[in-house]
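Chain by chain, the residues:
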Amino acid sequence: MANQNDNKDNGQARAATEPSQPTNFIRNIIDEDLKTGSRQTIVTRFPPEPNGYLHIGHAKSICLNFGLARDYGGRCHLRFDDTNPAKEDMEYIDSIKDSVRWLGFDWGDHLHNASDYFGQLYEWAEELIIKGKAYVDDLAAEQIREYRGTLTEPGKESPFRNRPPEENLDLFRRMRAGEFPDGSRVLRAKIDMSSPNMNLRDPVMYRILHASHPHTGDDWCLYPMYDYAHGQSDSIEGITHSICTLEFEDHRPLYEWFLDALGIYAPRQIEFARLNLTYTVMSKRKLLELVREGYVNGWDDPRMPTIVGMRRRGYTARAIRTFCERIGVGKNDSWIEMGVLEDCVREDLNECAPRAMAVLNPLRMVIENYPEDLVEEFDALNHPNDPSMGTRKVPFAREIYIEAEDFLEEPPKGFFRLAPGREVRLRYAYIVKCTGVVKDEKTGEIVEIRCTYDPESRGGSAADGRKIKGTIHWVSAAHGINARVRLYDRLFSVPQPGSDKNGADWKSCLNPESLKALDHCRMEPGLALASPGSCFQLERQGYFSVDIKDSLPGSPVFNRVVTLRDSWAKAGA
RNA sequence: UGGGGCGUCGCCAAGCGGUAAGGCACCGGAUUUUGAUUCCGGCAUUCCCAGGUUCGAUCCCUGGCGCCCCAGCCA
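Keep in mind that what you see is a predicted model, and the values were worked out from it rather than measured.

A. The arrangement of the overall build of chain A in detail. A tally of helices and strands in chain A yields 13 helices and 27 strands. Expressed as lengths along the three principal axes of its C-alpha atoms, the size of chain A is roughly 100 × 55 × 40 Å. Split into buried and exposed, the 573 residues of chain A put 53% on the buried side. Pairs at least 24 apart in sequence give 72% of the contacts found in chain A among residues at least 6 apart. Carbon together with sulfur atoms contributes 48% to the accessible area of chain A, which is approximately 25,200 Å² in total.

Following this line, the structure appears as structure tokens:
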């Protein structure tokens, strides 16, 4: 059982293995563009800035862009939007590539960087200067802000706005040559200081930044802004549909302005609503804060909504892809319930995770009429609904552990597990009847359950055909291994931690119970060999993955991926 | 009070003038040696509101209301 399902589903996502795609407004636009002939093929791109780790929100964009390329027989580029060396880092670049690959997507030979185009972008900037469409501004950042005006008042033109092209060109070349310090001058597009769209009030194209870039090193001391780089990068790569999130809707006129001013191929920008997931936060800033301030143990903490975190938790790439399809794509601000994600995970793991038995909170049970020196081995199904996954042997003896919560001295009505005088089935083994309870003399705590077994019920079926409603899991005291388990729960205790009106307080909603470590769990012996990264269903409890980082050979650490649905618990028991 | 978006079931989401898909959640019920899975069945006479056009409007028009985004030399 050790290594059967090592997250085997990491290959390229294929249409044939994915559920059928629901339609959405972007597909409608593409269909229309293809029909009218305004585009002949489909080329998309996923353009992360390498300044943080990817999260489930990025997964939505990745699945969208790569999924479109796949379904329309086009291609999707991975392009790093690396225009700001002050924030970007190689660590992030590597991690992003790894996450996209893990999700099951392949950019082929289309790995690009905005920085690949710095030379071309610079030439185009000179061109715009010569055409009188860009100028060097000596105003300080503070002044530029004042001159920009407000949402309701138009801005004022900079006194440097009407410098002659020759002077602009000279200044711009000297900016590039490193003659001026950071912040002393910028290159601006000459558009319209009174535009109701703030983005059109002479946006900055280049700023001076004497910083070393992960790819271009010290070749440049001035770097293009997003607005000046993104559309042209799309254009150079022949992107047909440039899909981004809603907050860039206001930038579209600017995106198109640059392309038009330069007279180059114009991709079509389409905006969609970013993902919000309940009980977690999605902004890079907040995630970074959780990591930096130690609220979680790193970017790959299994409670994080990062790809690396979810992967470590045991979420499968396939489950995440299913999720991204299921939630759809639209322009409504929406909050997806965490339950949807969890359900996708269950759906996938239910199919592929082998079953096993483990007791999280052990309670000793002694079967009084079972021979002391006898050990039997029972055949257990690795998957009750999939015989092809085979069986395994599970040892059984006189002393076993059962789950503490499976015994109640005074059972409420509807409880059909073990109680004094009652019978229950030990899965795959025998039917036992509770004959007594041993308690700690001082604390009154139940320390042991006494039972007798029905020798005629070998395997779990009563010879007389009587019905046994309850079946519980167990582990032989002498044969089970000791293991550590981490029970993970939602990171936040409120549905929308990020949307508080008094926004600064989001961290006070952290769920104090998001991680519970159990150090004395007992598991069936076969689990000693479980390989890191593999997933199991511990029957009646949930899906668990063998932690990739903390498991030692022969001593696995289990992360709870997600619980099983539990209608008994839900009923309020 | 400028500009740009958005408002269809508790949460997502199709729908594009012809009489409200689907998923999740929820509520039954069947099977079950996981209170799991699976399986059946139920779940918007109504589409933010109010007018108008039309034989007919969630889809068109007008006017409201509500929510989100924009004043980084961030992306």
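B. Looking closely at the protein's contact with RNA strand B. In the vicinity of RNA strand B lie 67 residues, with Arg417, Arg427, Gly459, Arg565 and Ser567 positioned nearest. In RNA strand B, atoms within 4 Å of the protein come 66% from sugar and phosphate. With respect to RNA strand B, the backbone of leucine 151 contributes an N or O atom lying 3.1 Å from a base nitrogen. A distance of 3.4 Å is found between a sugar or linking oxygen of RNA strand B and a side-chain nitrogen or oxygen belonging to glutamate 249. Looking at the surface near RNA strand B, the elements with two or more residues in it are helix H5 (141-147), strand S6 (204-208), strand S11 (335-336), helix H12 (338-352) and helix H13 (567-570).

C. Spatial organisation of unusual backbone geometry. In the Ramachandran plot, aspartate 202 falls in the positive-phi region, its phi being about 45° despite a non-glycine side chain. Following the sequence through the fold, aspartate 202 ends up in the loop between strand S5 (186-189) and S6. Aspartate 202 sits in the buried class, given a relative accessible area of 0%. Positioned with a positive phi, tyrosine 279 is a non-glycine residue whose angle comes to about 65°. For tyrosine 279, the position within the fold is in the loop between strand S10 (276-277) and helix H9 (284-292).

D. Local environment of the side chain of threonine 316. Counting through the fold element by element, threonine 316 comes out in the loop between helix H10 (307-313) and helix H11 (317-326). Of note is the side chain of threonine 316, whose polar atom sits 2.4 Å from the side chain of aspartate 348.

E. Quick look at the nonpolar core. In terms of nonpolar packing, the biggest core is built from 42 residues, with Ile56, Val100, Ile320 and Phe323 touching the most fellow members. In this view, valine 100 contacts Phe46, Leu54, Ile62, Phe66, Phe105 and Trp107; residues no more than four positions away in its chain are not counted. Counting 31 residues, the second-largest nonpolar core is a separate cluster that includes Tyr117, Leu200, Tyr223 and Phe258.

F. Highlighting the pattern of salt bridges. Taken as a whole and judged by the stated rule, the model has 52 salt bridges. Where aspartate 550 meets arginine 312, a salt bridge forms, and the shortest distance between an N and an O atom there is 3.2 Å. Here aspartate 550, found in the loop between strand S26 (542-546) and strand S27 (557-563), pairs with arginine 312, found in helix H10; they are 238 residues apart in sequence, far enough to count as distant. One salt bridge in this structure joins arginine 486 and aspartate 550, with 2.5 Å as the shortest N-O distance. Of the two residues, arginine 486 sits in strand S23 (residues 481-488) while aspartate 550 sits in the loop between S26 and S27, which places them 64 residues apart along the sequence. Because the salt bridges share partners, they merge into one network encompassing Asp300, Arg312, Arg486, Asp547, Lys549 and Asp550.

G. Region of interest: the pairing of strand S17 (residues 399-403). Most of S17 sits inside the fold, with 4 of its 5 residues counted as buried. Of the pairings in the sheet, the one linking strand S14 (residues 362-367) to S17 comprises 5 bridges and is antiparallel in character. Within the sheet, the bridge partner assigned to proline 362 lies in S17 and is glutamate 403. Relative to strand S22 (residues 474-476), S17 runs antiparallel, the two sharing 3 bridges. Residue pairing in the sheet places isoleucine 400 in a bridge with serine 476 of S22.

H. A look at the sheet that holds strand S3 (residues 111-113). One open sheet accounts for 3 strands, arranged S1-S2-S3; its pairing is parallel. For this open sheet the edge positions go to strand S1 (43-46) and S3, each flanked by a neighbour on one side alone. With strand direction ignored, the average angle separating the axes of adjacent strands in the sheet is 35°. Judged from the 4 bridges that link them, S1 and strand S2 (residues 75-80) form a sheet pairing that is parallel. Along S2, the bridge assignment pairs threonine 44 with cysteine 76. Of the strands in this sheet, S1 and S2 are in contact with helix H2 (residues 56-71), which crosses S1 at around 160°.

I. Quick peek at the side chain of threonine 280. Structurally, threonine 280 can be placed in the loop between S10 and H9. Every residue in contact with threonine 280, bar those within four places of it in the chain, is listed here: Pro305, Met338, Phe492 and Pro497.

Conventions used here
- Residues numbered from 1 in each chain as written.
- Chains lettered and ligands numbered in written order.
- Predicted model: local features only at pLDDT ≥ 70, side-chain atom pairs only at ≥ 80, totals over all residues.
- Heavy atoms only, no water.
- Helix = DSSP H or I, 4+ residues; strand = E, 2+ residues; numbered from the N terminus.
- Buried < 20%, exposed > 50% of the residue type's maximum accessible area, 1.4 Å probe, protein only.
- Contact = heavy atoms within 4.5 Å.
- Areas by Shrake-Rupley, 256 points an atom, 1.4 Å probe, with all protein chains shown as cover.
- Near = heavy atom within 4 Å.
- Polar contact = N/O pair within 3.5 Å; in protein donor to acceptor, adjacent residues only side chain to side chain.
- Core = buried A, V, L, I, M, F, W, Y, C linked by side-chain atoms within 4.5 Å.
- Salt bridge = Lys/Arg side-chain N within 4 Å of Asp/Glu carboxyl O.
- Pairing = 2+ DSSP bridges.
- Axes fitted to C-alpha atoms, helices over the stretch in contact; angles between N-to-C directions.

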